[in-house]
Structure formats: structure tokens, C-alpha cells
Amino acid sequence: MTRKPIIAANWKMHKGPADSTAFISAFLPLLDASLSCDIVLAPPFVSLAASASALAGSDQVGLSSQNMHFEEKGAFTGEISSGMLQEIGARYAILGHSERRAIFGEDDALINAKAKRCHEVGLVPIICIGETLEERDGGKIEEVLRRQLEKGLAGLDAGKMAESVIAYEPVWAIGTGRTATPEQAQEAHAFARKVLTELFGTETAEKIRIQYGGSVKPGNTAELINQPDVDGALVGGASLEPESFYGIVKAASDAYQAG
Ligand code: 13P
């Protein structure tokens, strides 16, 4: 296994500033220097500042937003720019989560504009892709993933892509308790890497970390991370409690060190 795992907590619409601070106060003491794993927390926008303060002094945990606008400023009521995120200490931005696509109508072109902005300013995008159950049952997994990658990553710089993160989240596995099997995850990740190779070349594609997301728990992390193209996890429900999220971080780190 060549790529160091990256485990990210997507808190979605959970945890205001006080709860975020309480999580971090309980989570940081669980970490030690022997962990071989990048750790990212993505609280709601309003909790980023409190989270940054609570994390101060820890270089083991990075902060991410759950979304971002593609313009730097302007008349975009309710939106947040990359500059604002960087000012508050975010290093990553989750883009194109399936909930953003399905509930808020985000499409590949919009996600592409956001990814370009991230690269321009030096934020690391975590770009989400994944098929619905209907698409899987209709035999369209590859078609959907190819479209999301080709359109979502169009025109992006290979050098910056090497540092970027892709999150494969099959929609049917999100919040359902129905995790993809390690084989299903590996198959989709290998296909995504094949498309990334076509788009950016082998050297870059081999560096891009592809996270799996969808009902990841401490107990199923190792078998997922042990797959050759699974390089981390994007975690919803099981990231809301410090011990449970730490269990995922530790399992990923142990699997990486053993491999
Ligand atoms: P769950 O871990 O709750 O299935 O959510 C996955 C997800 O959507 C992370 O972005």
C-alpha cells in the first residue's frame, strides 16, 4: 500500500460550535504520534472557527468545509468563499457530496468550477462521486463515475490533482448501514483510478487518494483500507462520536502500517 490513508469526518448538519469543541477536546487526547493517517474534520460552516481554536496546536488534524462557492466574493446570499475558509483555518473543502447533488441540484459543471477555485487558492478539494441504487441496478456504475470524473475534473491541473482527494460514495450505502463490500469498493475505486489515469496520466493517478464513503464503521474499516485502491474513508454517522471516529482512524492506520 503506497498511499497514506486519509480519514475525514463529515458532520453534515450536526454539531454547533459548542458540540464541535467538545468533540475535539475528547478526540485530541486519543491521538498519538505513531498514527500513520491523515485526519480531517468537516464541521458545519458556523463551527469552523470554534473548531480551529479547539485544534490550535495540533498539526495532526486538518479542517475542511462541507461546501464552498466558486467565486471569491459578490452577491451570493448564503454562500461562503474559499478566502473566507482559508482565513478561518480550513485546508480542505468537500465538493459535490451526493446530498449537495440530490437535494441542492449541484451538477458536474458547478463542482468543476469549485474544484478549479480550490486549486487556484491552494485548498485541497475532496471531490465526491458515486452512483445511486437505480444506476447500479441499471448497470450504469461506470458510465456515472466516468461522467462525474470527466466533467467534474475537466481542465484541472495534474500537479494539483495529485494532492487532491476523490471520495467514492455509493449513494445507496450512505446512512443506510449497507456498506459496499470490500470487493464492490475496490472495483469502483479501480475504475475511478483508470479514468484518472486517462485524464491525468499514471504518475498523477497513482498519487491521488480515493476515499470510500458509506456506512464506514470501526469494524469494517480495515477490510476496506486493505483494498489496493481504497486510500481512506469519508465518514458520516460514525464520525459523530470521538471514540467511534478514533476507532476508524486507528483501524486505517494499523492496516496501512501492516500493509
Ligand atoms: P454515513 O457514514 O453516515 O453513511 O455517511 C457517509 C457520507 O455521506 C459521508 O460523506
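Below, the structure is looked at part by part. Within each chain, residue numbers correspond to sequence positions counted from 1 in written order. Restriction of local features to residues with pLDDT of at least 70 applies here, the model being predicted, together with a cutoff of 80 or more for giving and counting side-chain atom pairs; totals for whole chains, interfaces and linings are based on all residues. With hydrogens and water excluded, all non-hydrogen atoms of the structure serve as input to the side-chain values.

### Quick look at the overall build of the chain
Helices and strands together make up the secondary structure of the chain, namely 12 helices and 8 strands. In terms of overall size, the chain behaves like a compact globule, its C-alpha atoms giving a radius of gyration of 17 Å where 259 residues would be expected to give roughly 18 Å. Between two residues, a contact is recorded if the distance between any of their heavy atoms is within 4.5 Å. When contacts within the chain are restricted to residue pairs at least 6 apart in sequence, those whose partners lie at least 24 apart make up 74%. Only the protein chains shown count as cover for residues, and the accessible areas themselves come from Shrake-Rupley with a 1.4 Å probe. As displayed, the chain has an accessible area near 10,900 Å², and 53% of this comes from carbon and sulfur atoms. This count recognises Lys and Arg as positive and Asp and Glu as negative, with His and chain-terminal groups excluded. To locate a charge, take NZ of a lysine, CZ of an arginine, CG of an aspartate or CD of a glutamate. Within the chain, the 34 negative side-chain charges are centred at a point lying 2 Å from the centre of the 24 positive side-chain charges. Strands are runs of DSSP state E lasting at least two residues, helices are runs of H or I lasting at least four, and both sets are numbered from the N terminus onward. C-alpha atoms define the radius of gyration, and 2.2 Å times the number of residues to the power 0.38 defines the globule rule.

### Side note on the site of the ligand
Lining the immediate surroundings of the ligand are 13 residues, of which Lys12, His97, Gly175, Ser215 and Gly237 lie closest. Contact between the ligand and glycine 175: an oxygen atom at 2.6 Å from a main-chain N or O atom of the residue. For the purposes of these results, a polar contact is taken to be a pair of N or O atoms within 3.5 Å, where, inside protein, one atom must be able to donate a hydrogen and its partner to accept one; residues adjacent in sequence count only when each atom of the pair is a side-chain atom. A distance of 2.8 Å separates an oxygen atom of the ligand from a polar backbone atom of glycine 237. Bound to the protein, the ligand loses 95% of the 310 Å² it would expose on its own. Classification used: nonpolar for Ala, Val, Leu, Ile, Met, Phe, Trp, Tyr, Cys and Pro, charged for Asp, Glu, Lys and Arg, polar for all others including Gly. When its residues are assigned to classes, the shell around the ligand shows 4 nonpolar, 7 polar and 2 charged. Working definition: residue near molecule or strand if any one of its non-hydrogen atoms lies within 4 Å of it.

### A closer look at the sheet that holds strand E1 (residues 6–10)
By the convention used here, strands pair only if DSSP detects at least 2 bridges between them. Taking strand neighbours around the barrel as the criterion, the 8 strands line up as E1-E2-E3-E4-E5-E6-E7-E8 in a closed arrangement whose pairing is parallel. For this sheet, the mean angle separating the axes of adjacent strands, direction not counted, is 25 degrees. In the sheet, strand E4 (residues 92–95) pairs with strand E5 (residues 124–129) via 4 bridges, with the strands oriented parallel. Looking at E5, one finds that tyrosine 92 is bridged to valine 124. Whenever a helix is involved, its axis is fitted only over the stretch in contact; in every case the axis is a line through C-alpha atoms, and angles between N-to-C directions fall within 0 to 180 degrees.

### Points about helix H2 (residues 48–55)
Exposure classes here rest on a 1.4 Å probe applied to the protein chains alone. A residue is buried below 20% of its type maximum, exposed above 50%, and partly exposed in between. Of all the positions in H2, only Leu48, Ala50, Ser51 and Leu55 are classed as buried. Mapping the buried residues of H2 onto a view down its axis gives an arc of 160 degrees, with all of them on the same face. In this fold, the buried residues of H2 make contact with helix H1 (17–27), strand E3 (61–65) and helix H3 (82–87). Positive phi shows up at glycine 57, right after H2, with a value of about 95 degrees. By construction, the arc corresponds to the directions joining the helix axis to the C-beta atoms.

### What to know about the side chain of asparagine 67
Mapped onto the fold, asparagine 67 is located in the loop between E3 and H3. Relative accessible area serves as the criterion here: at 7%, asparagine 67 is assigned to the buried category. Among all residues touching asparagine 67, those that are not within four sequence positions of it are Phe45, Leu85, Ile94, Arg100, Glu106 and Lys114.

### Some words on the state of the cysteines
What counts as a disulfide here is a pair of cysteine sulfur atoms lying within 2.5 Å. Applying the stated rule across the entire model yields 0 disulfides. Unpaired in this structure, cysteine 128 has its nearest cysteine sulfur neighbour in cysteine 118, at a distance of 12 Å. A residue is classified by how much of its surface remains accessible, and cysteine 128, at 1% relative accessible area, is buried.

### A closer look at the pattern of salt bridges
Criterion for a salt bridge: a side-chain nitrogen of Lys or Arg within 4 Å of a carboxyl oxygen of Asp or Glu. If you walk through the whole model with that rule in mind, you get 20 salt bridges. Here glutamate 72 makes a salt bridge to arginine 117, at a shortest N to O gap of 3.9 Å. Taken together, the residues glutamate 72 in the loop between E3 and H3 and arginine 117 in helix H5 (residues 108–121) connect sequence positions 45 residues apart. According to the relative accessible area criterion, arginine 117 is buried, its value standing at 17%. The closest approach of N and O atoms between lysine 114 and glutamate 106, which form a salt bridge, is 3.0 Å. You'll find lysine 114 and glutamate 106 in the same group, each marked buried. Through salt bridges with shared partners, one network takes in Arg3, Arg193, Glu206, Asp229 and Asp231.

### Considering the pairing of E1
Burial of E1 is extensive: 5 of the 5 residues sit out of reach of the surface. Here E1 shows two buried faces, one formed by Ile6, Ala8 and Asn10 and the other by Ile7 and Ala9. Relative to strand E2 (residues 38–42), E1 runs parallel, the two sharing 5 bridges. Residue isoleucine 6 lies in a different strand from E2, and its bridge partner there is aspartate 38. If you view a crossover with the strands going away from you and the path from the first strand over the helix to the second runs clockwise, you call it right-handed. In this region the chain leaves E1, passes through H1 and returns to the parallel neighbour E2; the handedness of that crossover is right-handed. Alignment of E1 against strand E8 (residues 232–235), held across 4 bridges, turns out to be parallel. In the strand pairing of E8, isoleucine 6 is matched with glycine 232.

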